[in-house]
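Residues per chain, in single letters:
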Amino acid sequence: MTDVNEKSGMGVLGKTMGFSLGLTLVFTLVANLLPQVEGEAPQESKVDLSSLTMDDFIVMGEDLFNNKGTCTLCHKPAPLGRAPDIQGFDVVAKSTERLADERYKGASTDAADYILESMVDPSAYVVTGWGKKGSNDSESPMPAVNKAPIQLSAMEMDAIIAYLQSKDGNEVTVSLPSPEVAAEVAAAAPAGGGGSAPAPATTAEEALGKFTCTACHSMDSKDALVGPGLVDVGSRLSIEEIRQSIVDPNVVLAEGFPAAMPADFAGKMTVKELQMIVDLLAEKK
């Protein structure tokens, strides 16, 4: 009888250990599937604004273009680009051409003004073929970069203009910030640096804007833009499938759509931003 009880006890113990080990492996697998982004604070980027040179300003502009400005999320070479590949052509020459286009209705008079206008009022001139679907290229899907969540300052936008002018050997016509403006920007910068990364989004809507999701996906209809409409995505995909479609979009492609979605969101979104977007999309049924 004692042997039977001992064997029974060993069986229960073995099953318990096996269950615990299996549970640990499942949690490990899930943890590795989730994006490994833990930080909520913007990346630090220290710039001594008190001794800023034009070369420094241009480097700052390139950094802002690639990071805080989120420009490279859309401005990429074809077929991945969702906006003109402005790093692939002379922006000053192209801006001058567009100013002469009869479709141009903005207020700019030179290339620097045009570049600034395209950042704060993207719909002032929409390049043919790059407008929101159904707008007949009268409305741009690009968010204004001087507003939340990107929220570039006037000085930061000037730095991007300096970079875009400089990259093709054109004269840089924007001025360095005055000592007073530089001091004001330095005082307003987050502790530890100027911050080359955009601030974390605080709502799902801000996160969608920050990562320009609505440039490719309609949120309130089934209309296909670059990607499928997401008005009912919560009834088509499970929460885990929605998460996977964001962090690893090329594993399962929606039928009829190319692999055009950026595959690096897992490295750019915070865990909280990702979860807010997943929750919002899961509710769309």
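Check the entry above for the structure.
All of these numbers come straight from a predicted model, not from anything done at the bench.

Peer 1: I tried to follow the environment of methionine 142 on my own but got confused; where do I start?
Peer 2: Mapped onto the elements, methionine 142 comes out in the loop between helix 4 (111-120) and helix 5 (154-166). Look at methionine 142 and you get partly exposed, because its relative accessible area is 30%. Residues methionine 142 and glycine 209 lie 67 residues apart in sequence; the distance between their C-alpha atoms is 8.9 Å. The contact partners of methionine 142, leaving out residues within four places of it in the chain, are His75, Ser118, Met119 and Pro122.

Peer 1: Help me understand the side chain of arginine 98 in this model?
Peer 2: On the secondary structure map, arginine 98 appears in helix 3 (residues 91-99). Despite its burial, arginine 98 pairs with no opposite charge, the nearest such side chain being glutamate 97 at 6.3 Å. Excluding anything up to four places from it in sequence, arginine 98 contacts Phe89, Tyr104, Tyr114, Tyr125 and Val127.

Peer 1: Looking at this model, I keep getting lost on the side chain of serine 221. Mind explaining?
Peer 2: Take serine 221: it is sitting in the loop between helix 7 (204-210) and helix 8 (233-236). For serine 221, a relative accessible area of 17% corresponds to the buried category. Among the polar contacts made by the side chain of serine 221, one reaches the side chain of serine 218 at a distance of 2.8 Å. Excluding residues that lie within four positions of it along the chain, serine 221 makes contacts with Gly229, Leu230 and Val231.

Peer 1: How do you make sense of unusual backbone geometry when you look at a structure like this?
Peer 2: Most peptide bonds are trans, and most residues other than glycine sit at a negative phi. One non-glycine residue, aspartate 137, adopts positive backbone phi at about 60°. Turning to its location among the elements, aspartate 137 is positioned in the loop between helix 4 and helix 5. Even without being a glycine, glutamine 151 presents a positive backbone phi close to 55°. Along the chain, glutamine 151 turns up in the loop between helix 4 and helix 5.

Peer 1: Looking at this structure, I do not really get the nonpolar core. What am I missing?
Peer 2: What tends to happen in soluble globular proteins is that the nonpolar side chains get buried as a cluster. Counting 24 residues, the largest nonpolar core has Phe57, Met60, Phe65, Met119, Leu152, Ile160 and Leu164 as its most contacted members. For this core, the secondary-structure elements that each account for two or more residues are helix 2 (54-66), helix 4 and helix 5. At eight residues, the largest contribution of residues to this core is made by helix 5. Sequence-distant contacts of phenylalanine 65, that is, excluding residues within four places in its chain, are made with Thr70, Cys71, Thr72, Ile86, Gln87, Ile160, Tyr163 and Leu164. Counting residues in each nonpolar core, the second largest holds 23 residues, with Ala204, Met219, Met276 and Val278 among its members.

Peer 1: Just checking my understanding: could you explain the environment of aspartate 232 for this structure?
Peer 2: Secondary-structure assignment places aspartate 232 in the loop between helix 7 and helix 8. Taking the C-alpha atoms as reference, aspartate 232 lies 4.9 Å from lysine 284; in sequence the two are 52 residues apart. The contacts of aspartate 232, once residues within four sequence positions are left out, are Lys222, Lys284 and Lys285.

Peer 1: Hey, could you run me through the packing of helix 3 against helix 4 in this one?
Peer 2: A pair of packed helices is characterised by two quantities: the angle between their axes and the separation of those axes. At a minimum axis separation of 9 Å, helix 3 and helix 4 run at an interaxial angle of 85°. Viewed along their axes, helix 3 and helix 4 adopt a mutual orientation that is roughly perpendicular. Contact residues: Val91, Val92, Ser95, Thr96, Arg98 and Leu99 in helix 3; Ala111, Tyr114 and Ile115 in helix 4. Taken together, the residues that form the contact of helix 3 with helix 4 break down as six nonpolar, two polar and one charged.

What counts, and at which threshold
- Residues numbered from 1 in each chain as written.
- Predicted model: local features only at pLDDT ≥ 70, side-chain atom pairs only at ≥ 80, totals over all residues.
- Heavy atoms only, no water.
- Helix = DSSP H or I, 4+ residues; strand = E, 2+ residues; numbered from the N terminus.
- Buried < 20%, exposed > 50% of the residue type's maximum accessible area, 1.4 Å probe, protein only.
- Contact = heavy atoms within 4.5 Å.
- Lys, Arg positive; Asp, Glu negative; His and termini not counted.
- Salt bridge = Lys/Arg side-chain N within 4 Å of Asp/Glu carboxyl O.
- Polar contact = N/O pair within 3.5 Å; in protein donor to acceptor, adjacent residues only side chain to side chain.
- Core = buried A, V, L, I, M, F, W, Y, C linked by side-chain atoms within 4.5 Å.
- Axes fitted to C-alpha atoms, helices over the stretch in contact; angles between N-to-C directions.
- Parallel < 35°, antiparallel > 145°, perpendicular 65-115°, else oblique.
- Nonpolar A, V, L, I, M, F, W, Y, C, P; charged D, E, K, R; others polar.

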